[in-house]
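Results of the structural survey
Given next are the chains, with one letter for each unit.
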Amino acid sequence: MSEVVILGTGVHPFGRFDKDYEEMGAEAAGAALRDAGVAWSQIGAAYLARMYLPATSGPRILRRLGSSDIAIVDVEAACASGGAALRQAALAIRSGETDLALVLGCEKMPRGFMDPAMLYSSWQIKLGSSLNPAYWAIRAKRHMYDFGTTEQQIAKVAFKNHRNSVHNPYAMYRKAFTMDEILTSPLVCDPIRRLEICAPNDGAAAVVLASAKRARQLAAGERTIKIAAIAHTIARYSADFRCPADSMSATAKNPGPTEVTAKRAYESAGIGPEDIHCFEVQDTDAFCEIEACEDLGLCQQGEGGRLIDEGLTEICGPMPVNMSGGLISKGEPIGASHLGQVVEIVSQLRGTAGARQVAGARSGMAHVLGAGGNCAITILQR
């Protein structure tokens, strides 16, 4: 099985743009190819992660780079679409089918809440439990009841991530807010407030993968980043959405999606959370970051609030989380979400993250969790 490395990355900024998805996707893909130092004609397979785009969007986007007779496959797995596409590309390289592959994530999202009919059962829609903030809030409230997590701790996550975003040129929102501004922002669904949630938006991110042998032939040098593990699962005990079965009723016997996927990723990489120097995790709402830190093993269940209180997840802390500003600041173009995280981790491991740089980072994790219990985790190493 061939070792897989990342040769190049590219991003179209996340936000709202007066341009079509084909243009955004082609910009990100072209940037990744240039960063990798390879031509589109050298790529042996390509994958597009998307959720809202029409069928065969991959070929529509990538034909802008030139004619090609390779396989171009669209992949959809809710918020984990980027991880699923990345895994397919890595498997193609490990199998020997190709030694160079392009993975692109792209989305142009409608404004407002995501269409529940795309994601949930009719009974959930009729009950009103299909809108994202509703089940985010239910999870947060239960955690507050069980473990004493506070609104201030949730707000501190948003405070940290908005502050980090100031230094991220690809983020939709690049403004720091005070704790008072966050805690007095409009209540969306108790206890979740407007400055504590992410917005659906537009954007694209891409990576070029290669076998280690091909990377050596290309003399890619230290810019190559090793993919130590890619895991994508739907935990067997997941419900149709993350709450309640995917978190509140998860137990040691019946773990939730993040715990199941993290265990698989750690075992594949042969390391544990203590060996990872920086994390990009799902923070569609600020509480979600607290929950993700617990499920990824950064702390014991119920101690996620302590991590933020003690500053342990700051860029200068021992376990930095969401150096990019997270989804709260970047927004969430679903197909591009995970690949955007991967691009951030690559920049950290290359030492090119500027004011967001984690000193001495040599390993990093990207984590996403979405509808249906779809979870993807990628571990990268320098």
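Residues numbered from 1 in each chain as written. Predicted model: local features only at pLDDT ≥ 70, side-chain atom pairs only at ≥ 80, totals over all residues. Heavy atoms only, no water.

**Re the side chain of T9**
Within the element layout of this structure, T9 appears in strand β1 (residues 4-15). Once residues within four sequence positions are removed from consideration, T9 is found in contact with A31, A32, D35, A206, V207, V343, V346 and R350. (Helix = DSSP H or I, 4+ residues; strand = E, 2+ residues; numbered from the N terminus. Contact = heavy atoms within 4.5 Å.)

**Concerning the pairing of strand β10 (residues 363-369)**
Regular strands place their side chains on alternate faces of the sheet. Of all seven residues in β10, seven are buried; the element is thus mostly enclosed. In terms of strand pairing, strand β9 (residues 278-280) meets β10 through three bridges, oriented parallel. When the bridges of β10 are listed, F279 appears paired with M365. Note that β10 and strand β11 (residues 374-381) share seven bridges and pair antiparallel. Counted as the bridge partner of G364 is L380 from β11. Taking the residues between adjacent antiparallel strands as the criterion, β10 and β11 are bridged by four residues, where G372 takes a positive phi near 75 degrees. (Buried < 20%, exposed > 50% of the residue type's maximum accessible area, 1.4 Å probe, protein only. Pairing = 2+ DSSP bridges.)

**Description of the nonpolar core**
Membership of the largest hydrophobic core comes to 41 residues, with the highest contact counts inside it found for I6, L86, V103, V207, L209, V342 and L380. Setting aside its immediate chain neighbours within four residues, I6 contacts V207, V208, L209, R223, T224, I225, I227, V342, V346 and L380. In terms of nonpolar packing, the next biggest core, distinct from the first, is built from 28 residues, I43, L48, L104 and A210 among them. (Core = buried A, V, L, I, M, F, W, Y, C linked by side-chain atoms within 4.5 Å.)

**Digging into helix α5 (residues 132-147)**
Its 16 residues place the ends of α5 23 Å apart at the C-alpha level, agreeing with the 22 Å of an ideal helix rising 1.5 Å per residue. The elements touched by buried residues of α5 are α6 (151-165), β5 (187-189), β6 (192-193) and α10 (286-295). Within two residues after α5, G148 carries a phi angle of roughly 80 degrees, on the positive side. (Expected span 1.5 Å × (residues − 1).)

**Observations concerning the pattern of salt bridges**
Under the defined criterion, the tally for this structure stands at 21 salt bridges. With a shortest N-O distance of 2.8 Å, D99 and R214 are connected by a salt bridge. Of this pair, D99 sits in the loop between α3 (81-94) and β4 (100-108) while R214 sits in helix α8 (residues 212-217), and the two are 115 residues apart along the sequence. With relative accessibility at 27%, the residue D99 sits in the partly exposed group. With a shortest N-O distance of 3.3 Å, D190 and K141 are connected by a salt bridge. (Salt bridge = Lys/Arg side-chain N within 4 Å of Asp/Glu carboxyl O.)

**Points about unusual backbone geometry**
A cis amide bond links D190 to the next residue, P191, at an omega of 10 degrees. Within the fold, P191 resides in the loop between β5 and β6. We note that T56 has phi near 55 degrees; this positive angle belongs to a residue other than glycine. Structurally, T56 can be placed in the loop between β2 (45-49) and α2 (57-62).

**Quick look at the environment of D190**
Along the chain, D190 turns up in the loop between β5 and β6. Taking C-alpha positions, D190 is 36 Å from L86, a pair spaced 104 residues apart along the chain. Engagement of the side chain of D190 in a polar contact is seen with the side chain of K141, the distance being 3.3 Å. (Polar contact = N/O pair within 3.5 Å; in protein donor to acceptor, adjacent residues only side chain to side chain.)

**Description of the packing of α3 against helix α13 (residues 334-350)**
Between two packed helices, both the angle of their axes relative to each other and the distance between the axes serve to describe the pair. It is at 6 Å that the axes of α3 and α13 come closest, and there the two elements cross at 65 degrees. Between α3 and α13, the crossing angle belongs to the class labelled roughly perpendicular. Across from G82, G83 and L86 in α3, the residues of α13 making contact are G335, H338, L339 and V342. (Axes fitted to C-alpha atoms, helices over the stretch in contact; angles between N-to-C directions. Parallel < 35°, antiparallel > 145°, perpendicular 65-115°, else oblique.)

**Remarks on the pairing of β2**
Counted residue by residue, β2 has five buried out of five residues, so it is predominantly covered. Going residue by residue along β2, you find A45, Y47 and A49 tucked away on one face and A46 and L48 tucked away on the opposite face as well. In the sheet, β2 pairs with strand β3 (residues 71-75) via five bridges, with the strands oriented parallel. By the bridge assignment, A46 is partnered in β3 with I72. Once the chain exits β2 it traverses α2 before rejoining the sheet at β3, and the crossover so formed is right-handed. Strand direction decides the pairing type here: β2 and β4, joined by five bridges, are parallel. (Right-handed = clockwise from strand over helix to strand, strands pointing away.)

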